[in-house]
Protein chains: 6
Amino acid sequence: MPTTTATIPSGEVNNHYPPATSPTPAPLPFTCASEDEGWVWTQIKAEARRDAESEPALASYLYSTILSHSSLERSLSFHLGNKLSSSTLLSTLLYDLFLNSLTTDPALRAATVADLRAAHVRDPACVSFSHCLLNYKGFLACQAHRVSHKLWNQSRRPLALALHSRIADVFAVDIHPAAKIGKGILLDHATGVVIGETAVIGNNVSILHHVTLGGTGKVGGDRHPKIGDGVLIGAGATILGNVKIGEGAKIGAGAVVLIDVPPRTTAVGNPARLVGGKEKPSKLEDVPGESMDHTSFISEWSDYII
Amino acid sequence: MPTTTATIPSGEVNNHYPPATSPTPAPLPFTCASEDEGWVWTQIKAEARRDAESEPALASYLYSTILSHSSLERSLSFHLGNKLSSSTLLSTLLYDLFLNSLTTDPALRAATVADLRAAHVRDPACVSFSHCLLNYKGFLACQAHRVSHKLWNQSRRPLALALHSRIADVFAVDIHPAAKIGKGILLDHATGVVIGETAVIGNNVSILHHVTLGGTGKVGGDRHPKIGDGVLIGAGATILGNVKIGEGAKIGAGAVVLIDVPPRTTAVGNPARLVGGKEKPSKLEDVPGESMDHTSFISEWSDYII
Amino acid sequence: MPTTTATIPSGEVNNHYPPATSPTPAPLPFTCASEDEGWVWTQIKAEARRDAESEPALASYLYSTILSHSSLERSLSFHLGNKLSSSTLLSTLLYDLFLNSLTTDPALRAATVADLRAAHVRDPACVSFSHCLLNYKGFLACQAHRVSHKLWNQSRRPLALALHSRIADVFAVDIHPAAKIGKGILLDHATGVVIGETAVIGNNVSILHHVTLGGTGKVGGDRHPKIGDGVLIGAGATILGNVKIGEGAKIGAGAVVLIDVPPRTTAVGNPARLVGGKEKPSKLEDVPGESMDHTSFISEWSDYII
Amino acid sequence: MPTTTATIPSGEVNNHYPPATSPTPAPLPFTCASEDEGWVWTQIKAEARRDAESEPALASYLYSTILSHSSLERSLSFHLGNKLSSSTLLSTLLYDLFLNSLTTDPALRAATVADLRAAHVRDPACVSFSHCLLNYKGFLACQAHRVSHKLWNQSRRPLALALHSRIADVFAVDIHPAAKIGKGILLDHATGVVIGETAVIGNNVSILHHVTLGGTGKVGGDRHPKIGDGVLIGAGATILGNVKIGEGAKIGAGAVVLIDVPPRTTAVGNPARLVGGKEKPSKLEDVPGESMDHTSFISEWSDYII
Amino acid sequence: MPTTTATIPSGEVNNHYPPATSPTPAPLPFTCASEDEGWVWTQIKAEARRDAESEPALASYLYSTILSHSSLERSLSFHLGNKLSSSTLLSTLLYDLFLNSLTTDPALRAATVADLRAAHVRDPACVSFSHCLLNYKGFLACQAHRVSHKLWNQSRRPLALALHSRIADVFAVDIHPAAKIGKGILLDHATGVVIGETAVIGNNVSILHHVTLGGTGKVGGDRHPKIGDGVLIGAGATILGNVKIGEGAKIGAGAVVLIDVPPRTTAVGNPARLVGGKEKPSKLEDVPGESMDHTSFISEWSDYII
Amino acid sequence: MPTTTATIPSGEVNNHYPPATSPTPAPLPFTCASEDEGWVWTQIKAEARRDAESEPALASYLYSTILSHSSLERSLSFHLGNKLSSSTLLSTLLYDLFLNSLTTDPALRAATVADLRAAHVRDPACVSFSHCLLNYKGFLACQAHRVSHKLWNQSRRPLALALHSRIADVFAVDIHPAAKIGKGILLDHATGVVIGETAVIGNNVSILHHVTLGGTGKVGGDRHPKIGDGVLIGAGATILGNVKIGEGAKIGAGAVVLIDVPPRTTAVGNPARLVGGKEKPSKLEDVPGESMDHTSFISEWSDYII
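Residues numbered from 1 in each chain as written. Chains lettered and ligands numbered in written order. Predicted model: local features only at pLDDT ≥ 70, side-chain atom pairs only at ≥ 80, totals over all residues.

**Side note on the overall build of chain A**
Spelled out, the test is: The helix count covers DSSP runs of H or I at least four residues long, the strand count covers runs of E at least two residues long, and both are numbered beginning at the N terminus. As a rule, residues whose C-beta atom has 12 or fewer other C-beta atoms within 10 Å are exposed, those with 20 or more are buried, and those in between are partly exposed; C-beta atoms are placed from the backbone. In this description, a residue-residue contact is defined by the distance between C-beta atoms placed from the backbone, which must lie within 7 Å.
Summing up its helical and strand segments, chain A has 10 helices and 15 strands in all. A buried classification covers 66% of the 306 residues belonging to chain A. Long-range pairs, those at least 24 residues apart, make up 44% of the contacts in chain A with a sequence separation of at least 6.

Spelled out as structure tokens, the structure:
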């Protein structure tokens, strides 16, 4: 890792790593978290500098949002503060709030970096880290959620809920501050995602837009889904109740799931059924939350009859 | 009710009523509308005062939006005016518009109070009346819709449509100004709700996010669904055409409904079918729009085969 | 057409053409593109003038957005510049960008006019051209997308993606800048529409809200749907992968489509099947993207069993 | 008066009254205050309508600020609310504050009308009432001061001082909320005017820019000038201490006055002296605050020696 | 000139010309106006690029205001549009207005360049052309005035007056749109400058802050000062009435001038007198509007008696 | 002091110290700087809390600007960031800049506290510390200047000049970033103050509005006034050139001073002369910058002849 960093001249983007659309990315150069954080921030600045030079109309935006800042957490806090501010919740207040949380909590920063990598590796339309940082509403909503979650856990609930409301207004992503979310999360497209109060999401999960992890009714308590590591949830899928989606499972687009899904199986349709059948469902070999394979099950889906 | 009010010292929140997650809430202290309105407003102010004291970072927002106002309609008009304003539709204009409508029409204010109560009783994540007033985009979209509906009926259609457009942009909730909506409505999460021009919605209805009450095509006239009292429509359900959803019926998440659903039955799936069968559907005993039970039908849904 | 124009006194709206809810509109007076453009602009100004007179509260908005401008492209550039601006992407920058693209590219302007006509003819809730220009988020998102697409093709990709991000935030419509979209497009309601990088959409297509034209996974390359001319895609439908939806086909609301759909057939359900059966699907006689008939297939859909 | 009003067709400006630069204006049609108020408001609307028609680029501004309002006090409250708002003092709050004061206090409205007339009659550069209402920072600062003075007298001092601060920032006019100001006041150009806490200004006074009515030091109590009716104070004049400027006196531009000035005399220079000499000063025959004669004393000013 | 330009590598500032504080600047490389314009614009961009590189916190501002623009008139129009905009006069409208005037009128652009040079040569605190363009409120007010003057002459008077009002609010510089102003003008510091309707100012005039060129009273007609070429007017000087200040004259700070001042003489004091005496005033040898010598007359001023 | 602090219950304002209009204030409880800073901040918060309770309309402003902050430097940075921000220089950037300077430089904070005390003790219209912090444009301009001066000394000159420009636009106070200013400064009313590049101002100086400390011409170098400790400069006074105003001197309102003024003397008039005569000027016994006595010299001013 240090070697690689040393070979990137300031101002140049390291296009060799990781190739955006490579089917088999080289293993990520994970070292310790803060080194990794520094490497990604260096990449982001190099990308932004390249783009500012090629596109003067965007340079002001790139400087204000990225290049004028001394760290990733300052850049992100500035960007979220501006995006989520309103006439009654000013950007300086939000900026302060984000900056304070991100500065004092290395786990938040590590999760941010893991999410940036997740988008970069899994989404072929993600052309750079800075593209994700600037433009992915799912990424931004997720980072803001983590701060609202931290506030919730500090019993600063009215503030957590106000932040929740701004995220829902601005990004159309509605994640209850109490919901627990892992690292390496990709909320792709993200519009319309709803994640309820007692939901839990593992690491390396990919969730498409319009996905609901909803509750069962008006009784409180533990009432939302638990999503295992490496799960992929397709666009428009609805999962309701305190059900368990096993690790590495895949939920097809538009599926409506009301009971548990075993690990490494695929559930599709409304009502949902397991591909391969309830008794002997087909087992997945890759990790769908990372491979993002949405459609390969078609060939063996007996209901699929067009 | 007066007794209760009398016992709440200014600045304290009456946490005894109604307990946010109580499974069996005590009967609501309904009296006459304006007394009820006053009681709710007193609660909202007490909640906001408590939150302002515990969270200085939010105090400015709570004072500007709630505590500096002399009535619920002023607070709501201010909040909606700010949320829905743009660089070409200024907040003062919208504030005036909302305030004038709410001040002169007690039915609008009564519907607001009924909606606040609906969220408080039905949604276990709703921690207080002020939480709903400040943060629920479904609640806010619904109040703004009622004003645009009033303008529509006064033949101020260009203004009604401009307001409609702002609600759709800001909250991602798209309710045609001509649509008729009852009281005690809960639009939970609300992102992506679409309700067409000739739709009619009864009282005490609960509608989750991504629900469509859509039309049948390009011919005008009466072409959208009619939703009876007490109906619950799950997340992502699509109901198309001038069909009747009988009172107390339940539409499952993701259901696609194109023909009538009898009262107190449950329709699920895409295409939708009745739980219990077309000939002898199971009859619901509670009011699903109020009980919010999304998933209890699973046990008797023959198609549900994961 | 010139005759007709001549007979509209300035300040009056030509309500005779085309009647908003007429089931059989008179043939459109297409002549050359720029003449058509001028005619529509004249109509829009007459409508706005009429509305400004009848509704003083809206007059400021109508003057700033329409009546103070000398051409449709100026009005549209102003409106989009305001709607899509943020604290770090100023309205003047966006205005300049839109105006420059629209002024120099007659094809963009012709597509705008075709989209205005599409909304006017196909959507009975569309009361006027100005209503569409001012208020339809699908229309506005589509026009902004065409400019971001042009930037993408000029290799100004960071700017195209920044614009893409603003469209997704503001309208909750997520169209990748590389996606190719024809003319005469109606994105009705539009919230939650997602259209991927290698998608192609023909002419005279109508797409409802929550529709996804998505990809197949993390491998790049041609991986999104191809939509033929005249297709209608119902609310919440999900089409995934490099599949072909034949010209004049209809995709029912909530359908999940993973393989090709033949021309002039109807696919419904999750998983989707063809109405009339896989072997001998029923053939449509009208063009669904124009007739907007969402529900007439019910009578012959064997699965539909409520 | 009613006759005149009746003869102005809507949309036409009554240019016959009062001719902007007429040396001898016809006597003002004073009747009762509210009738007068109505007449001026009718004029303002007619002027704004004429200007909106001739200048589309300004129409939006004229509609939002004047033509969309039902009364002069609403228009003025809207205009002041926008001008004086900041990111922490929102326009709706200020609008409400102004509207409430102006609506409940006829004396405030009568003073506004008298000031509009003063500018119209005395300033040859004032082309219309609406020109003054929209553009004269002295007029606007004076109206806002009257509301802050009212708040001061109601013991709402922190709010009065906050308003004072906004007026000083926005208009560079610094009038202490406690200062008492009469009617028919013209603050011409107005930049840099400073009027201290215990100053008192009579009726029909004209004050040019950079004029100071200042105090004597750090001891409190009555320490600022008292300005009689009909006084004219030239640009840059400085009057310090609890001195009395007699009615109908004239203070020359740049004069520095530290002791009393007798009625109907002229003080000029730094240090100031009386034109005509201390013992037998020349007596003015017209009312300088109304005639606005700044320079006719030159011929008899013995010091004037260029 | 071309030679010089050719030797400035892109990104480097030509600090050799003209040295900011040089007592005897080399003759300006005047050629034809548009070449000159191009040379200054090249300088400005080089300065801004240097500053953006050395100061990341300012880079966003420099890119948005200067470096993203293709010409001086676009940069200036953008800057003025932002500075002068308000919630009811949007920046895009003003940008359009300025850009249209500057693009179509080479004389306006030549005056802008002459004013930039004037500040650069005459004000030792002016460190660069871009410093003046960005930060000098006198320069900006003067450019905006020229556009309002053009509108006035085109009989677009309500718009000219609205612009006048914005300039007076934002810069505290109050120049009536009808006032005629030459080229090579320096309004140094500028706060509080007031210039009346019938004032005329020649070329190469320097005017300090708080200077008044005022009228004589309420009668219309030609009533303001006429300032000859090369005049210097010191801080706080007040000149009233249709008097003539001869070319190359100097008016001392705080002087109050009510009658003509001969060419190349110096008037000081309140009331003003000529240095050297009324009969045989001292004659100036340099051009005070260019040499900016404020104080050298002291030695021969007989009144000066500290 | 600690005793006193201990006896002020939180939420109560210590009205006993120092009485706003007391002619002989008790000696200030100076101890070490940071203790003093803490005491003033405690006072400010108590005042703001009292005002927020008595005036709900102002509470939001008081919370956002004062009560939500944990220190005086955060409150001041937030307030200045909002006041000085523009559409191209965002509040978060300025907030960061101010906060960073104030946090790392105790001398800046000590000067702020000394200025707050100066306003409180010397200006009878200053009702509280929070009144000064929130509303005094002279105080705010001075604090912002100190940060721009620090940037200037760090060779961040383009940023220093941009800040200078914002201060001049917003407060109409124009202090060159290079000017050196002491502590305990009162800029009373402040509009129109101009202080040049090489000016130096001592401690405990009071300067009224429209005061100019100007240069001598276009030659660079040391060319602005040097103001000794304890000087009082009256409204509209103009001091030009590298002249020395001796400690404890008083410059009368409107005086024009071009040569040195001896310590503890009084200069008045235009041209200025010494009270008591050039040879044997009257000697002041108090410190005019602190006593603020503007007018007591009248009795012995021989020129004063009204």
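**Concerning the domain arrangement of chain A**
All names here are of chain A. To keep things clear, this is the line we draw: For the purposes of this description, domain bounds are those given by an automatic or database domain assignment.
We note that the domain assignment places domain 1 (32–173) and domain 2 (179–306) within chain A. Taking only C-alpha atoms into account, the centre of domain 1 sits 26 Å from that of domain 2. Each side of the interface is counted separately: domain 1 has 17 residues, and domain 2 has 15 residues. Listing elements by their share of the side of domain 1 that touches domain 2, those giving two or more residues are α6 (106–122) and α8 (137–153).

**Remarks on the relation of the copies chain C and chain A**
For clarity, the threshold we go by: Only residues with pLDDT of at least 70 in both copies count here: their C-alpha atoms drive the least-squares fit that superposes the copies.
When chain C is fitted onto chain A, the two copies agree to an RMSD of 0.0 Å after a turn of 120° and an axial shift of 0.0 Å. Here the copies are linked by what is in effect a three-fold axis. Considering only C-alpha atoms, the residue of chain C closest to the rotation axis is N270 of chain C, which sits at 3.4 Å. Taken together, the interface assignments show that only 13% of the residues at the interface of chain C recur at the interface of chain A, consistent with different surfaces on the two copies.

**Considering the interface of chain C and chain A**
Under the convention used in this document: Under the grouping applied here, Gly and all other residues not named as nonpolar or charged are polar, the nonpolar ones being Ala, Val, Leu, Ile, Met, Phe, Trp, Tyr, Cys and Pro and the charged ones Asp, Glu, Lys and Arg.
With 45 residues of chain C in contact, the opposing surface of chain A contributes 45 residues. Elements supplying a minimum of two residues to the side of chain C that touches chain A: α5 (91–104), α9 (157–171), β7 (212–214), β10 (238–240) and β15 (273–274) of chain C. A per-element tally of the side of chain C that touches chain A places α9 of chain C first, with 8 residues. Partitioning the side of chain C that touches chain A into residue classes produces 20 nonpolar, 18 polar and 7 charged.

**Some remarks on helix α6 (residues 106–122) of chain E**
We count it as follows: Expected helix span is given by 1.5 Å per residue-to-residue step, counting one fewer step than there are residues.
Here α6 of chain E contains 17 residues, and its C-alpha end-to-end distance of 24 Å stays within 8% of the 24 Å for a straight helix at 1.5 Å per residue. Most of α6 of chain E sits out of view: 14 of its 17 residues are buried.

**Some points on the sheet that holds strand β8 (residues 226–227) of chain F**
All names here are of chain F. For the record, the criterion: Strand pairing is assigned whenever DSSP detects at least two bridges linking the two strands.
Sheet architecture is open: 4 strands sit in the order β2-β5-β8-β11, paired in parallel fashion. Each edge of the open sheet carries a strand with a single partner, namely β2 (180–181) and β11 (244–245). With 2 bridges joining them, strand β5 (residues 200–201) and β8 adopt parallel strand pairing. Along β8, the bridge assignment pairs I201 with I227.

**Thoughts on the confidence of the model for chain A**
All names here are of chain A. Under the convention used in this document: What pLDDT expresses is the predictor's confidence in each residue, scored from 0 to 100.
Per-residue pLDDT for chain A averages 89, and the proportion of residues at 70 or more is 88%. The model gives residues 1–12 a pLDDT under 50, and that stretch makes 13 contacts with residues more than four places away or in other chains. Taken as a whole, residues 14–31 scores under 50 in pLDDT and shows 21 contacts with residues more than four places along the chain or in a different chain. Here the predicted complex scores 0.91 on pTM and 0.89 on ipTM.

**Describing the environment of K83 of chain E**
All names here are of chain E. Note that K83 resides in helix α4 (residues 72–84). Separated by 113 residues in sequence, K83 and G196 have C-alpha atoms that sit 23 Å apart. Ignoring anything within four residues of it in the chain, the contact list for K83 reads L140 and V170.

**As for the sheet that holds strand β7 (residues 212–214) of chain E**
All names here are of chain E. Reading across the sheet, the 5 strands line up as β1-β4-β7-β10-β13 and stay open at both edges, with parallel pairing between neighbours. Each edge of the sheet is formed by a strand with only one pairing partner; in this case those strands are β1 (174–175) and β13 (256–257). Note: β1 against strand β4 (residues 194–195), 2 bridges, orientation parallel. Paired with D174 across the strands is V194, a residue of β4.

**Here we look at the nonpolar core**
Which entries qualify depends on this criterion: In this description, a nonpolar core means buried residues of the types Ala, Val, Leu, Ile, Met, Phe, Trp, Tyr and Cys, linked to one another by C-beta atoms lying within 7 Å.
Counting 620 residues, the largest nonpolar core has V257 of chain C, V257 of chain E together with V257 of chain F as its most contacted members. Discounting residues that sit within four places of it in the chain, V257 of chain F has contacts with A237, I239, V243, I251, A267 and A272 of chain F.

**Observations concerning unusual backbone geometry**
Residue P271 of chain C is reached from N270 of chain C by a cis peptide bond, and omega for that bond is 0°. Relative to the helices and strands, P271 of chain C resides in the loop between β14 (266–268) and β15. Within the chain, M292 of chain C stands out as a residue other than glycine whose phi angle is a positive 60°. With respect to the helices and strands, M292 of chain C occurs in the segment after α10 (288–291). Even without being a glycine, A190 of chain D presents a positive backbone phi close to 75°. Within the secondary structure, A190 of chain D sits in the loop between β3 (186–187) and β4 (194–195).

**Some thoughts on the packing of helix α8 (residues 137–153) of chain E against helix α9 (residues 157–171) of chain E**
All names here are of chain E. Note the threshold: Here, axes are lines fitted to C-alpha atoms. For helices the fit covers the stretch in contact, and angles between N-to-C directions go from 0 to 180 degrees. These descriptions rest on fixed angle ranges, namely under 35 degrees for roughly parallel, over 145 for roughly antiparallel, 65 to 115 for roughly perpendicular, and the rest for oblique.
α9 packs onto α8 with a crossing angle of 170° between their chain directions and a minimal axis gap of 8 Å. Taken as axis vectors, α8 and α9 run roughly antiparallel relative to one another. Facing K137, L140, A141, A144, H145, V147, S148, L151 and W152 of α8, the residues of α9 in contact are R157, L159, A160, L163, H164, I167 and F171. Residues of the contact of α8 with α9, tallied by class, amount to 11 nonpolar, 3 polar and 2 charged.

**Quick word on the environment of L187 of chain E**
Residue and element names in this part refer to chain E. Looking at the element boundaries, L187 is found in strand β3 (residues 186–188). The class for L187 is buried, based on 29 C-beta atoms found within 10 Å. Along the primary structure L187 and N203 are separated by 16 residues, whereas in three dimensions their C-alpha atoms are 12 Å apart. Every residue in contact with L187, bar those within four places of it in the chain, is listed here: G138, A141, C142, V173, V193 and I207.

**Focus: the packing of helix α6 (residues 106–122) of chain C against helix α8 (residues 137–153) of chain C**
Residues and elements named next belong to chain C. Which entries qualify depends on this criterion: A crossing counts as left-handed when the near helix is turned anticlockwise from the far one by less than a right angle, and as right-handed when that turn is clockwise.
Packing of α6 against α8 brings their axes to within 11 Å, and their N-to-C directions diverge by 165°. With respect to α8, the axis of α6 lies roughly antiparallel. Classified by chirality, the crossing of α8 by α6 is right-handed. Across from L108, A111, T112, D115 and A119 in α6, the residues of α8 making contact are F139, C142, Q143 and R146.

**Section: α8 of chain A**
All names here are of chain A. The end-to-end C-alpha separation of α8 is 24 Å, in line with the 24 Å expected for 17 residues at 1.5 Å each. The buried count for α8 comes to 15 of 17 residues, which makes it a mostly enclosed element. With its phi angle positive at about 60°, S155 sits one or two positions after the end of α8.

**Structural notes on the environment of G81 of chain F**
Of note, G81 of chain F is situated in helix α4 (residues 72–84). Under the C-beta neighbour-count criterion, G81 of chain F is labelled buried, with 26 such atoms within 10 Å. Considering only alpha carbons, one finds G81 of chain F and V275 of chain F, 194 residues apart in sequence, at a separation of 44 Å. Those residues within four positions of G81 of chain F in sequence are excluded, and the remaining contacts are T92 of chain A together with S91, L94, Y95 and F98 of chain F.

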